[in-house]
Each structure stands twice: as C-alpha cells, then as structure tokens.
Amino acid sequence: MKKIWSLLLISALILGLFGCNDIQDNYTEVYFIEKDGLIFRYVMPGDGEAAISRNRMNIVETEFIYIYNANDFESFSYENFFSPLGEFQIHEDTRTGKMYILNNDDIDQLIYQHSLDYDAWKASQGS
C-alpha cells in the first residue's frame, strides 16, 4: 500500500513540474484598420492586458503601433485623436488568431499619458 501511495505522490509531483513549464506573459491586443489603402495597427487604451501562455504565441512581424480610441469614432481619420506607441513585435495567439504585443511598464505609461491627453483634447473640442 505504501508503494502505491508513493507512486501516486511521485506521479503528482511530475505532473506538477510539467505544469510549471506554462509561463504566462501580459499582452495587449492589437487591432488594425485600413484608411486610404494603408493599414494602421493600434491598441485601444481601455482594453487592459491579457495574461496568455508564451507557448501559444508566435511572432508574426514587427510593425509600428498607435494608440487609438476606436470606440469613440465612426471611422479612422487623421483629425481623430491618436498617439504613436512605437515599433513592436506582433505576436499571434495560435488558439484565437488574435494579434498582441508583449506588454511592459513603458507601454502602460504611454497608454496612460494618451488617456490624459485624449481627455484634454476632447474637452478642447467641446464634446
């Protein structure tokens, strides 16, 4: 009986160690919109982060990303408020097909600053 319990305990420990291999990172979803034949990639400031396993992500390409409040505008326009975020590697979630960038403190700070600037811009527009 002791051998069976020992075997079960060792099996549980081995399975637990395999589970540790699944490292999660924080990602911000990337959207795209087409305007005048050009594709603009952007993140939305209110989206937040998603914790996703590194094992599910494939690097697709490196692109320039903007911060854009897409929910507040009917279509993309240069008159609308957007901010540059920078050039980032875009990762694709192999399960959902959604695109993401790996999040960090600098991205969080730029998105926060965009939100402050956007609120000031919106107030100056009389909205």
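All figures in this text were calculated on a predicted structure; none of them were measured in a lab.

A few points about a negative patch on the surface
Move 1: A surface patch of like charges, here negative, comprises Glu 49, Asp 105, Asp 106 and Asp 108.
Move 2: Examined against the element boundaries, Glu 49 turns out to sit in the loop between β2 (38-43) and β3 (50-53).
Move 3: Judged by its relative accessible area of 39%, Glu 49 is partly exposed.

Section: the environment of Glu 61
Move 1: If you trace the backbone, Glu 61 turns up in strand β4 (residues 57-68).
Move 2: According to the relative accessible area criterion, Glu 61 is partly exposed, its value standing at 31%.
Move 3: Spatially, the C-alpha atom of Glu 61 lies 5.4 Å from that of Ile 90, the residues being 29 residues apart in sequence.
Move 4: Setting aside residues no more than four positions away along its own chain, Glu 61 makes contact with Arg 41, Phe 88, Gln 89 and Ile 90.

What to know about the packing of aromatic side chains
Each pair of aromatic rings is reported with the distance of its centres and the angle of its planes.
Move 1: Applying the stated criterion across every chain, the model contains 12 aromatic pairs.
Move 2: For the ring pair Phe 64 and Tyr 66, a centre distance of 5.1 Å and an interplane angle of 70° mean the geometry is edge-to-face.
Move 3: Centroid distance Tyr 66 to Phe 82: 5.4 Å. Interplanar angle 90°. Geometry classified as edge-to-face. Taken together, the residues span a long stretch of sequence, with Tyr 66 in strand β4 and Phe 82 in strand β5 (residues 82-93) at a distance of 16 residues.
Move 4: For Phe 82, a relative accessible area of 25% translates into the label partly exposed.
Move 5: Here the aromatic cluster, defined as three or more aromatic residues joined through ring pairs, consists of Tyr 31, Tyr 42, Tyr 68, Phe 73, Phe 81, Tyr 118 and Trp 121.

What counts as what
- Residues numbered from 1 in each chain as written.
- Predicted model: local features only at pLDDT ≥ 70, side-chain atom pairs only at ≥ 80, totals over all residues.
- Heavy atoms only, no water.
- Patch = residues over 30% accessible without salt bridge, like charges linked within 9 Å, V, L, I, M, F, W, Y side chains within 5 Å.
- Areas by Shrake-Rupley, 256 points an atom, 1.4 Å probe, with all protein chains shown as cover.
- Salt bridge = Lys/Arg side-chain N within 4 Å of Asp/Glu carboxyl O.
- Lys, Arg positive; Asp, Glu negative; His and termini not counted.
- Charge placed at Lys NZ, Arg CZ, Asp CG, Glu CD.
- Helix = DSSP H or I, 4+ residues; strand = E, 2+ residues; numbered from the N terminus.
- Buried < 20%, exposed > 50% of the residue type's maximum accessible area, 1.4 Å probe, protein only.
- Contact = heavy atoms within 4.5 Å.
- Phe/Tyr/Trp six-rings, centres within 6.5 Å; stacked < 30°, edge-to-face > 60°.

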